[in-house]
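Secondary and tertiary structure notes
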Amino acid sequence: MSAFPDIAKIAYEGPQSKNPLAFKHYKADEVIEGKTMRDHLRFSVVYWHTMCGNGTDMFGWGTAQRPWEAGLSGLDLAKARVPVFFEICEKLDAPYYAFHDRDVAPHGASLRESNKWFDTIVKLLKAQQKKTGVKLLWGTAQLFAHPRYAHGAATSCDANAFAYAAAQVKKALEVTHELGGEGYTFWGGREGYSSLWNTDMKRELEHLAKFLHMAVAYKKEIGFKGQFYIEPKPKEPTKHQYDSDAAACLNFLREYDLIDHLKLNLETNHATLAGHSMQHEMDVAGAAGALGSIDANTGDLMLGWDTDQFPTDIYLTTQCMLSVLKYGGFTTGGVNFDAKVRRESFEPVDLFHAHIGGMDAFARGLKIAAAIRADGRLDAFVKNRYRTWDSGIGADIEAGKVGFKQLEAHALKFGEPKLESGRQEFLENLINEFI
Ligand code: XLS
Ligand code: NI
Ligand code: NI
């Protein structure tokens, strides 16, 4: 039984189409830079916002109309959502999805019961994956909703909460492995603090590192080959999250000898909450060889919280795809829509408009990025800007052949450096030629 009998499989109709339920730019089989759009973008739909988001906010009840949920609760509701979710993915032609343990299956009265219910749903997920061909981009454990994690999970003041979280991650890893997941994400919603008066930060960070090392060990033990990611976010729900931005995550991973085991899963709205652009975060991760995957959403820059909106800004998607192409493309990661429809967009069809828009925005970003690269002027400008490093004294510095004494001799001989314009406006105009 279809949950969306009036919605057919979304087809590519081209830029001239006025059909809101068609792709104008995402043409899965179109080849760009030697790869299909499908393989470049690796779109993924998230279970939590798409199936469980009901429009609740701190001032109001849920608004979402979800006919397939009528009269159901608990495990029955969880079961009913599974085929609906896969129908959405299939109709969107999205090759991947992502989930938390506790959004696909409900919290049980005990860990044992939660695991049992999770197993029941996992069987359904597996069957749907087989039926539809939709694959798992990454799994994760929800370690932030339940009161037991009020003080954190891996960074809790209570070792018993740490143990409970470890048990949850152990199970989530087994399930992700079972479902053929290509990755596993750690986002620590409560891994931070609200007040430093009651917090031993050093100890909490050491515990977080221990937790991740245990996960690495367990991954090896069960033979899970997927990529681990850590997802930066500066605040919300805590005042300060330990994984605050890409640079902080990389520093943490290096300090605790985890750098070879985790890449970053970057989210646009988290970047802007941290006071960075997504382009900045992607460059920081890319330069460190740690650009793993992206949670493709956007925030409202007028608001100071994580609005998780669908990405529609072509400048943003162009920047994202320029970074992705620059750093060699996704391998295990993808464009994961960690995004939710607005509280006012409560009809089921809004879920389709949202994803179609995001996919088209990223398809355009990909095409524009490829055109900018093919044109070559942007790359040539940047390369030329650094030309003094390609030979002579610059090359000697980069090769570590000279020290301060030789540089002093050079400066005395060479004299005043010749200033050249950075041409920011020229380059901004150049980018606009393609948008
Ligand atoms: C919340 C995070 C979360 C992670 C997965 O802000 O983005 O959804 O992606 O736990
Ligand atoms: Ni996210
Ligand atoms: Ni978010």
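These notes cover the structure that comes with them. (Residues numbered from 1 in each chain as written. Chains lettered and ligands numbered in written order. Predicted model: local features only at pLDDT ≥ 70, side-chain atom pairs only at ≥ 80, totals over all residues. Heavy atoms only, no water.)

1. Brief notes about the overall build of the chain
Of the regular secondary structure elements, the chain holds 16 helices and 14 strands. In terms of C-alpha radius of gyration, the chain reaches 24 Å, essentially the compact-globule figure of 22 Å for 435 residues. Along the three orthogonal principal directions, the C-alpha set of the chain runs to about 85 × 60 × 45 Å. Relative to its full complement of 435 residues, the chain shows a buried share of 49%. If you take every contact in the chain between residues at least 6 apart in sequence, the share linking residues at least 24 apart comes to 76%. Of the roughly 21,400 Å² of accessible surface on the chain, a fraction of 55% belongs to carbon and sulfur atoms. Charged side chains of the chain number 50 positive and 56 negative; the gap between the two group centres comes to 4 Å. (Helix = DSSP H or I, 4+ residues; strand = E, 2+ residues; numbered from the N terminus. Rg over C-alpha atoms; globule rule 2.2 N^0.38 Å. Buried < 20%, exposed > 50% of the residue type's maximum accessible area, 1.4 Å probe, protein only. Contact = heavy atoms within 4.5 Å. Areas by Shrake-Rupley, 256 points an atom, 1.4 Å probe, with all protein chains shown as cover. Lys, Arg positive; Asp, Glu negative; His and termini not counted. Charge placed at Lys NZ, Arg CZ, Asp CG, Glu CD.)

2. Regarding the coordination of the nickel ion (ligand 3)
Summarising the metal site, the nickel ion (ligand 3) is bound by the protein donors Glu267 (OE), His270 (NE2), Asp306 (OD) and Asp308 (OD), whose distances to it range over 1.9 to 2.6 Å. Bound by four donor atoms, the nickel ion (ligand 3) shows angles of 82 to 151° at the metal and therefore irregular coordination geometry. Considered as a linear motif, the donors of the nickel ion (ligand 3) on their single chain read E-x2-H-x35-D-x1-D. For the pair the nickel ion (ligand 3) and the nickel ion (ligand 2), the metal-to-metal distance amounts to 4.5 Å, and Glu267 bridges them. For the pair formed by Asp306 and Asp308, the shared burial category is buried. (Donors = N, O, S within 2.8 Å, 3.2 Å for Na, K, Ca; no water. Tetrahedral: all angles 85-135°; square planar, octahedral: opposite > 155°, others 65-115°.)

3. Focus on the pattern of salt bridges
Using the criterion set out here, one finds 18 salt bridges in the structure. Close ionic contact of Asp29 with Arg38 constitutes a salt bridge, the shortest N to O distance being 2.9 Å. Residue classification places Arg38 among the partly exposed residues on the basis of a relative accessible area of 26%. A salt bridge links Asp375 to Arg377; its shortest N-O distance comes to 2.9 Å. (Salt bridge = Lys/Arg side-chain N within 4 Å of Asp/Glu carboxyl O.)

4. Quick word on the pairing of strand β12 (residues 262–267)
Burial within β12 is extensive, with five of its six residues counted as buried. Pairing of strand β10 (residues 227–230) with β12 involves three bridges; the strand directions are parallel. Residue pairing for β12: Tyr229 is matched across the bridge by Lys263. Inspection of the sheet shows β12 paired to strand β13 (residues 291–295) by four bridges, in the parallel sense. Looking at the pairing, Asn265 lines up with Ser293 of β13. (Pairing = 2+ DSSP bridges.)

5. Side note on the coordination of the nickel ion (ligand 2)
At this site the nickel ion (ligand 2) is bound by Glu231 (OE), Glu267 (OE), Asp295 (OD) and Asp338 (OD), with donor distances of 2.0 to 2.1 Å. Angles of 78 to 179° at the metal separate the six donor atoms of the nickel ion (ligand 2), which places the site in the octahedral class. Between consecutive donors of the nickel ion (ligand 2), the numbers of intervening residues give the motif E-x35-E-x27-D-x42-D.

6. Quick word on the environment of Ala145
Mapped onto the elements, Ala145 comes out in the loop between β7 (135–140) and α6 (159–178). Expressed as a C-alpha distance, the spacing of Ala145 and Arg102, which sit 43 residues apart in the sequence, is 9.1 Å.

7. Digging into the site of ligand 1
Around ligand 1, the neighbouring residues are Trp48, His100, Trp138, Trp187, Glu231, Lys233, Glu267, His270, Asp295, Asp306 and Asp338. Between an oxygen atom of ligand 1 and a side-chain N or O atom of His270, the distance comes to 3.1 Å. Compared with its free state, where it exposes 290 Å², ligand 1 has 94% of that area covered by protein. Partitioned by chemical class, the residues of the shell around ligand 1 number three nonpolar, two polar and six charged. (Near = heavy atom within 4 Å. Polar contact = N/O pair within 3.5 Å; in protein donor to acceptor, adjacent residues only side chain to side chain. Nonpolar A, V, L, I, M, F, W, Y, C, P; charged D, E, K, R; others polar.)

8. Considerations on the packing of helix α11 (residues 314–326) against helix α12 (residues 348–375)
Closest axis-to-axis distance for the α11/α12 pair is 7 Å, and the angle between their directions is 60°. Classed by the angle they form, the pair α11 and α12 counts as oblique. As α11 runs across α12, the sense of the crossing is right-handed. Across the interface between the two elements, Ile314, Thr317, Thr318, Cys320, Met321, Leu322, Leu325 and Lys326 from α11 touch Ala361, Phe362, Arg364, Gly365, Leu366, Ile368, Ala369, Ala370, Ile372 and Arg373 from α12. When its residues are assigned to classes, the contact of α11 with α12 shows twelve nonpolar, three polar and three charged. (Axes fitted to C-alpha atoms, helices over the stretch in contact; angles between N-to-C directions. Parallel < 35°, antiparallel > 145°, perpendicular 65-115°, else oblique. Left-handed = near helix turned anticlockwise from the far one by under 90°.)

9. Details of the nonpolar core
In this structure, Leu41, Tyr97, Leu264 and Phe362 are the most contacted members of the largest nonpolar core, which totals 111 residues. If sequence neighbours within four positions are ignored, Leu41 has contacts with Tyr26, Met321, Phe330, Gly334, Val335, Phe362, Ala363 and Leu366. Core analysis: the next-biggest nonpolar cluster, separate from the first, contains seven residues, Val46, Ala98, Leu137 and Tyr229 among them. (Core = buried A, V, L, I, M, F, W, Y, C linked by side-chain atoms within 4.5 Å.)

10. Quick look at the pairing of β7
For β7, a buried count of five out of six residues is recorded, marking the element as mostly surrounded by other parts of the structure. Examined bridge by bridge, strand β6 (residues 96–100) and β7 share five bridges and lie parallel to one another. Residue pairing for β7: Tyr97 is matched across the bridge by Leu136.

11. Thoughts on the side chain of Glu204
Within the fold, Glu204 resides in helix α7 (residues 201–222). Although Glu204 is buried, it makes no salt bridge; Arg203 carries the closest opposite charge, 9.2 Å away. When neighbours within four sequence positions are excluded, Glu204 is seen to be in contact with Ala154, Thr155, Gly192, Thr199 and Tyr242.

12. A short note on the packing of aromatic side chains
What the rule picks out here adds up to 22 aromatic pairs. Ring plane angle 85° and centroid distance 5.3 Å describe the contact between Phe23 and Tyr26, whose orientation is recorded as edge-to-face. For the pair shown, Phe23 and Tyr26 are each scored as buried. Grouping aromatic residues by their ring pairs yields a cluster made of Phe23, Tyr26, Phe43, Phe310, Phe337 and Phe362. (Phe/Tyr/Trp six-rings, centres within 6.5 Å; stacked < 30°, edge-to-face > 60°.)

13. Some words on unusual backbone geometry
With an omega of 5°, the peptide bond running from Glu236 to Pro237 counts as cis. Considering the arrangement of structural elements, one finds Pro237 in the loop between β10 and β11 (240–241). Phi at Asp93 is positive, roughly 60°, even though this residue is not glycine. With respect to the helices and strands, the residue Asp93 is situated in the loop between α3 (74–92) and β6. For Asp308, which is not glycine, the phi torsion reads 50° and is therefore positive. Tracing the backbone shows Asp308 in the loop between β13 and α11.

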